[in-house]
Amino acid sequence: MAVAVAMLSTVGAQAQKLGFHIGYSSQHLPAYTLIERKPVVCHDLSGVFLNIDYTLKLSQHWGVTAGLGGRFNLREYPTTLTFLPATTEEQQIVVDVPVLASFSVPLSDYATLSLFLGPMVSFGITGTSTVTEQLYGNSVKALWYEANPVYKRLDLQGTGGLAVDVQHLRIFGGYSMGILSLNPNEGPDIKTTAFYLGLGYTL
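Residues numbered from 1 in each chain as written. Predicted model: local features only at pLDDT ≥ 70, side-chain atom pairs only at ≥ 80, totals over all residues. Heavy atoms only, no water.

For the structure on display, the rule yields four salt bridges. Here Asp96 ties to Arg71 by a salt bridge, and the two come within 2.6 Å at their closest N and O atoms. Placement of the pair is Asp96 in strand β6 (residues 84–106) and Arg71 in strand β5 (residues 62–81), with a sequence separation of 25 residues. Taking relative accessible area as the criterion, Asp96 reaches 8% and is therefore assigned buried. Under the relative-accessibility criterion, Arg71 is labelled buried at 10%. For Arg170, the salt bridge identified is with Asp165, shortest N-O distance 3.0 Å. Classification of Arg170 by relative accessible area gives buried; the value is 11%. Classification of Asp165 as buried rests on a relative accessible area of 6%. (Salt bridge = Lys/Arg side-chain N within 4 Å of Asp/Glu carboxyl O. Helix = DSSP H or I, 4+ residues; strand = E, 2+ residues; numbered from the N terminus. Buried < 20%, exposed > 50% of the residue type's maximum accessible area, 1.4 Å probe, protein only.)

Here it is as structure tokens:
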């Protein structure tokens, strides 16, 4: 981020672009029972994201983009609580900081196609799992990042995708793959993958 800011200060405003984006994301995050810590088959987390980014054009085709965004994810799946049938509801809020290189080619006088690729640091702000036993309605709530954490907060990902700009409107989609294991305990690696689609407005 410091390098991107330094680079921005060396060029004119005409070489810069500010963007605001909103979209949908689907993230794969392996789940486990809270007590037995056994793997659970479940759906991916679904959520929405908001972000802002700043692009520095290095040349006609190449650019560097630094951004800051937030994601809200949730999912629900069947599980067990003390061996009784239960339902687990999970929620998560994450902050994302991507720094991306982009290569752009004009499609017309008003449209541009861009390929973007680079690292993204993600930090979990909150995460909860609420397990409700179906027979008596008893529930247990676990905080992901507090004492006896369920997952680690920090994740480093590689992300890339395509974007189409038509004047000030941007449509984009991409894929992210986690590099760090989110398992706070000994055992198999827990890594994320995510697919996202978004709509943006650039200045």
